[in-house]
Amino acid sequence: MKLPFAESYKIKMVEALRRSTREERVKWIEEAKFNVFNLKSEQIFIDLLTDSGTGAMSDKQWSELMLGDESYAGASSFYKMKNAIKNIFGFDYFLPTHQGRAAENVLFSVLVKEGDIVPGNAHFDTTKGHIEFRKATAIDCTIDEAYNTTIQHPFKGNVDLGKLEHVIKNNPVEKIPMIIITLTCNSSGGQPVSLENMKQVYSMAKKYGIRVLFDSARFAENAYFIKTREKGYENKTIREIVKEMYLYADGATMSCKKDAIVNMGGFIGFKDKELYKQSSMYNIMFEGFVTYGGMSGRDMNALTQGLYEGTDFDYLETRIKQVEYLGNKLINFGIPIQHPIGGHAIFVDVMRFLPHVPQEQFQAQVLVVELYIESGVRGVEIGTLMADRDPVTRENRYPELELMRLALPRRVYTNNHMDVVATALKNIYDRRETITKGLQIVNEAPILRHFTVELERVK
Ligand SMILES: *Cc1c(COP(=O)(O)O)cnc(C)c1O
């Protein structure tokens, strides 16, 4: 008999989980104004809110903490990180930042001006936020297949070259400071971009003299999909694939809270020394001196070790197979999810799960609330709440998909936990006909409202 698959690590330290009753959860979610960001962590049994900064560090990462060099300038921890970024991505210059959005803030302070256009594949919410905050516009050029959850396509994160060229041709080129490719594409379901597509976007960008930036939070998961899905890459190592990917980027921002498996950290990678120098000024103003940028030496050490572990095939296989495990359970229960299964999360297609709740009543948020009450599992809405209002008309923007994202922290939960999540969703799916009413907003912030919004049930 063929031996079954098993995790590529064992567990040294554990953390207790707290169970709760349905009555408690009903009370807590009301107190939280139906916004799961307002719940306390002890009110949650299985937390799939995000895979960002929630991973479990390895014994080697914890050891690296002790070796951190806390010198203000020129710390050895900085040079360790610099070597890793050169080895893994090929960037000669980099700036450490405290997380991904800080990298965006620093770099966009140099690159993005009022009236600019930034095309890409469904920009992440903070990326879009930093673009719109500067009165510029992010234009989504993802392939249409991404917006139909039933279509099987190996690289649903790909940029549609026709859409991209249309944007470039219809705007003055000096108004397009860069094209951003998000790896993997979070907003469209953790879907990867093919190496071929990166190559094509880069060559189009060069034809017009535009910079290409990789939003690199999940670059390693993207490389895993290239290895397992793209012809010609099956025998390459993850690191070889990553090296090749970054031939087609002029720079990168990274939230290291994802694929570097640390709780906090980020960086900007540059090929261009001039841009690095201009960005350094903003790094010093917003983040810290250029050799620590908002991070402790020990954090840079753990991050560096995490970059190596995060690009190890055995680790990535364990990680992505757990996402597949949960996804396949849900598929077997008949629950509509985004196909194919993404890298870091399962995206439940709520328009098909709860068709009786109107989109204006925040369909996906309704499912997030139901799942919490059913089981103490926390997912997150990727739908109308997250899409925010149009910055000009102030009207709600209705995205093409209403999704509930179940993001899996790295190396944290077991497949028994996944069984609880799947069963809870099945219970709700079985009674979906009875769920017809949604939620309405009581209070919201003008930008990135989903983090703090307050809601009530529609009467
Ligand atoms: C998380 C993330 C960011 C922002 O990073 P933070 O570390 O949360 O500030 C940017 N882009 C993508 C694709 C992300 O997933």
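Residues numbered from 1 in each chain as written. Predicted model: local features only at pLDDT ≥ 70, side-chain atom pairs only at ≥ 80, totals over all residues. Heavy atoms only, no water.

Peer 1: Describe empty space enclosed by the protein, with residues and values.
Peer 2: Scanning the model with the defined rule gives three cavities of 30 Å³ or more in all. Its boundaries defined by the atoms lining it, the largest cavity holds a volume of some 50 Å³. In terms of lining, the largest cavity is formed by Asn35, Val36, Phe37, Gln365, Val380, Glu381, Leu385 and His450. Here the residues of the lining of the largest cavity are counted per class, giving four nonpolar, three polar and one charged. (1 Å grid on protein atoms, 1.4 Å probe; cavity = no way out; pocket = protein on both sides within 12 Å on 5 of 7 lines; lining within 4 Å. Points joined across faces, edges and corners; volume = space filled by probe spheres on them. Nonpolar A, V, L, I, M, F, W, Y, C, P; charged D, E, K, R; others polar.)

Peer 1: Run through the environment of Met300, naming residues and quoting values.
Peer 2: Among the structural elements, Met300 can be located in helix α11 (residues 297-310). Note on Met300: relative accessible area 1%, which makes it buried. In this structure, the C-alpha to C-alpha distance between Met300 and Asp144, residues 156 residues apart in sequence, is 39 Å. Aside from chain neighbours lying at most four places away, what touches Met300 is Ser77, Phe78, Met81, Pro96, Thr291, Tyr292 and Met295. (Helix = DSSP H or I, 4+ residues; strand = E, 2+ residues; numbered from the N terminus. Buried < 20%, exposed > 50% of the residue type's maximum accessible area, 1.4 Å probe, protein only. Contact = heavy atoms within 4.5 Å.)

Peer 1: I'd like to hear about the site of the ligand, residue by residue, with values.
Peer 2: Around the ligand, the structure places 15 residues, and the nearest of them are Gln99, Arg101, Asp215, Ser255 and Lys258. Burial of the ligand by the protein amounts to 98% of the accessible area it has alone, namely 380 Å². Put simply, the parts of the chain that give the shell around the ligand at least two residues each are α4 (100-111) and α5 (125-133). If you tally residues by element for the shell around the ligand, the top one is α4, at three residues. (Near = heavy atom within 4 Å. Areas by Shrake-Rupley, 256 points an atom, 1.4 Å probe, with all protein chains shown as cover.)

Peer 1: Which residues make up the layout of surface pockets, and what values do they have?
Peer 2: Considered as a void within the structure, the largest pocket measures approximately 1600 Å³ in volume. In this structure, the largest pocket is lined by 40 residues; those nearest its centre are Met13, Glu15, Ala56, Arg411 and Val412. Within the residue set of the lining of the largest pocket, elements represented by two or more residues are α2 (59-66), α11 and α12 (313-332). Top element by residues in the lining of the largest pocket is α2. It accounts for three residues. A per-class count over the lining of the largest pocket returns 16 nonpolar, 11 polar and 13 charged. The two domains that each donate at least three residues to the lining of the largest pocket are domain 1 (22-51 + 316-457) and domain 2 (59-310). In this structure, the second largest pocket encloses a volume near 780 Å³. (Domains from an automatic or database assignment.)

Peer 1: Tell me what's going on with the side chain of Glu381, and back it up with residues and numbers.
Peer 2: Locating Glu381 in the fold gives a position in strand β11 (residues 380-382). Although Glu381 is buried, it forms no salt bridge, and the closest oppositely charged side chain is Arg449 at an N-O distance of 6.8 Å. There is a polar contact of 3.1 Å between the side chain of Glu381 and the backbone nitrogen of Gly383. Here Leu385 takes part through its backbone nitrogen, which lies 2.8 Å from a polar atom of the side chain of Glu381. (Lys, Arg positive; Asp, Glu negative; His and termini not counted. Salt bridge = Lys/Arg side-chain N within 4 Å of Asp/Glu carboxyl O. Polar contact = N/O pair within 3.5 Å; in protein donor to acceptor, adjacent residues only side chain to side chain.)

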